[in-house]
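Coordinates in review
The primary structure of each chain is shown beneath.
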Amino acid sequence: MSLTFFTTPRDLLMQANADVARLVEDGIGVSANVGVAASLTAHKLPKQALHQLPDLLGESSEVTFEVLDEEKQCTVPATYCLRMNRPVLLCSSIAKEIQALTEMQDTVLTRVPHLHISLLQPASNAGADTASISNRRRQDVALPSGTLSFNVNEAKGEESAFQLNEILFTHPAQVAKVITVLRQQLVYNSLIQSCSSSGKVVQGKQIINVVDIQGQPPGKILVTFEDRTTQNLACVLLKVALDGLVSCELHLVEGDPVPCSNEMLTRIAYSCLSIPVILHTLHRHTVEAHQKSTLNTTATESSHNEPNQRKRKRSHSDEDDFDSKRMRL
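Not measured: the values here are computed from a predicted model. (Residues numbered from 1 in each chain as written. Predicted model: local features only at pLDDT ≥ 70, side-chain atom pairs only at ≥ 80, totals over all residues. Heavy atoms only, no water.)

1. Describing the environment of Ala42
Quick reminder of the rule: Strands are runs of DSSP state E lasting at least two residues, helices are runs of H or I lasting at least four, and both sets are numbered from the N terminus onward. Contacts are residue-level and defined by heavy atoms, with any inter-residue pair within 4.5 Å sufficient.
In this structure, Ala42 sits in strand E2 (residues 30-46). Considered as a pair, Ala42 and Pro77 are 35 residues apart in the sequence and their alpha carbons are 4.0 Å apart. Setting aside anything within four residues of it in sequence, one finds Ala42 in contact with Thr75, Val76 and Pro77.

2. Quick notes on the pairing of strand E5 (residues 73-90)
Put simply, the rule is: Strand pairing follows a simple DSSP-based rule, namely that at least 2 bridges must link the two strands.
Bridging between E2 and E5 involves 11 bridges; their strand directions are antiparallel. Counterpart to Ala38 in the pairing with E5 is Ala78. Where E5 lies against strand E9 (residues 161-169), seven bridges are found, and the strand directions are antiparallel. Directly across from Leu90, in E9, lies its bridge partner Phe162.

3. Remarks on the sheet that holds strand E6 (residues 109-112)
The pairing of strands in a sheet happens through backbone hydrogen bonds and is either parallel or antiparallel. To keep it simple, the criterion reads: To define axes, lines are fitted to C-alpha atoms, for helices over the stretch in contact only, and angles between the resulting N-to-C directions are given on a 0 to 180 degree scale.
With respect to topology, five strands assemble into an open sheet ordered E1-E2-E5-E9-E6, the strand pairing being antiparallel. The open sheet has two free edges, formed respectively by strand E1 (2-6) and E6, since each of these has just one partner strand. For this sheet the average axis-to-axis angle between neighbouring strands, irrespective of direction, equals 30°. Alignment of E6 against E9, held across four bridges, turns out to be antiparallel. Bridge pairing in E9 links Thr110 to Gln163. Packed onto the sheet, helix H3 (residues 92-102) meets E5, E6 and E9 and runs at close to 10° relative to E9. Each of E1, E2, E5 and E9 is contacted by helix H6 (residues 173-193), which is oriented at about 45° to E1, the strand it contacts most.

4. Quick notes on the side chain of Glu154
To be explicit about the condition: By the criterion applied in these results, polar contacts are pairs of N or O atoms within 3.5 Å in which, for protein atoms, one can donate a hydrogen and the other can accept it, and in which residues neighboring in sequence qualify only through two side-chain atoms.
Structurally, Glu154 is set in the loop between strand E8 (146-152) and E9. From its side chain, Glu154 meets the backbone nitrogen of Leu115 in a polar contact 3.3 Å long. Those residues within four positions of Glu154 in sequence are excluded, and the remaining contacts are His114, Leu115, His116, Ile117 and Arg137.

5. A short note on the nonpolar core
Filter applied, for reference: Only buried residues count toward a nonpolar core. Its members are Ala, Val, Leu, Ile, Met, Phe, Trp, Tyr and Cys residues joined through side-chain atoms within 4.5 Å. When accessible area is computed with a 1.4 Å probe and restricted to protein chains, residues below 20% of their type maximum are described as buried, those above 50% as exposed, and intermediate ones as partly exposed.
The biggest cluster of nonpolar side chains holds 62 residues, and the ones touching the most others in it are Phe150, Leu182, Ile213 and Val223. Per element, the largest residue contribution to this core is 10 residues, and it comes from H6. With sequence-adjacent residues up to four places away left out, Val223 is seen in contact with Val211, Asp212, Ile213, Ala234, Cys235, Val236, Leu238, Ile275 and Leu279.

6. Overview of empty space enclosed by the protein
Test applied: Cavity means a closed set of points on a 1 Å grid over the protein atoms alone, one where a 1.4 Å probe fits but cannot get out, pocket means an open set with protein on both sides within 12 Å along at least 5 of 7 lines, and lining means a residue has an atom within 4 Å of a point. Grid points are joined across faces, edges and corners, and a volume is the space filled by probe spheres set on the points. When residues are grouped by polarity, Ala, Val, Leu, Ile, Met, Phe, Trp, Tyr, Cys and Pro land in nonpolar, Asp, Glu, Lys and Arg in charged, and all others, Gly among them, in polar.
The tally for this structure, following the rule as stated, stands at one cavity of 30 Å³ or more. In this structure, the largest cavity occupies an estimated 190 Å³ of space. What lines the largest cavity is a set of 19 residues, among which Asn209, Phe225, Glu226, Leu279 and His283 lie closest to the centre. Elements with a contribution of two residues or more to the lining of the largest cavity: strand E10 (207-216), strand E11 (220-227) and helix H8 (275-328). The dominant element in the lining of the largest cavity, judged by the number of residues it contributes, is H8, at five residues. Among the residues making up the lining of the largest cavity, the classes are represented as 11 nonpolar, five polar and three charged.

So yeah, pure geometry; function would need other evidence.
Structure below.
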C-alpha cells in the first residue's frame, strides 16, 4: 500500500492535465510504501485490522483504533515500516519527535552536514566536498522583474541534520501522527528549496536585490530585503504550523506605506510555497502603492496651491483696476 501525503504546487502544476490515477502512477510528490521489516528485537504487532471507519452519516469523521490486546497481537522479530519514495531531510527536533511518536530508536537516519546546504545541493552534486557545498549558500533566482540573489544562512541551532529513508512503527495509529510531523518539515523544506537556482546560471539579467534568509526549522523563516522604493530594510516572517499551513507577517520601517495585508501574503504563500514568488508579488504591490502615494501627494500639493494662485490672480486684477482708475483721473 502506498500513501501519498505531500505534493507541492509546482508538482501539481507540472501535472495539471493528468488525472489522479496518472499522478499516483508517476509517483508525484512524497509518498511512502507500507511494509514489514525484519528486526533483531521482538515486537508486539497487530494481526488483524484495528481501525474503525467513521460513520458517514454521523457527526464524527475521525478514524478510531481499537485497543491492542493479547487476542489481536502477536510477538515476532519484525516491525512495520514506511519506506519513502525519496529521501526526506529532517532537522534534529523533527527526527527526535518521530522517534518519540513511534517509540522506535532504531529508525534509519543518516546524518548530513547541514540542513539548508543539503536542501540547496542538487542531487547530481551529492558527492561534492564541503567547500563547494558552502558556496551554494548564494543562490541567484531569475524573475520577470529581474534577478534576486539569496543569501541562505545555515539553520539556527542546527549543527547537523538527518536524511530519512524509512520509518519503523508498531501500531497504525502512529502513522497519522508521523505524517503530520513530516508534512510540516516538507513545507519548510519546499520554502527553502524555492530559493535555489537548481544549478542553472542566470545570465542577461541584473541583480535587483539581495535577500537574506534566516531559518529556525521547522517552524520559522525570516526573509530580510531592501525595499527599493523607500531604500529601507523590510522583512517577511513565514511561520509553518504543525498542519503544514503557512502564515506571513510583513514588518516595515515605521512610516513606510503598507503595500498589502498579511492575509494576502498568506494566501500567496499557501498557493505557491515559493519565497521568490512572494517577494515578486510584494514588490509589484509596493511599486503600485508608492505610485499611488506619489499621485496623492501631488494632488494634495496642487489643491493647496490653488487658493494661493487665486489670491495672486485677484491681487493682480485689483492692481490693474487701480491703475486703470488712475489713468482716468
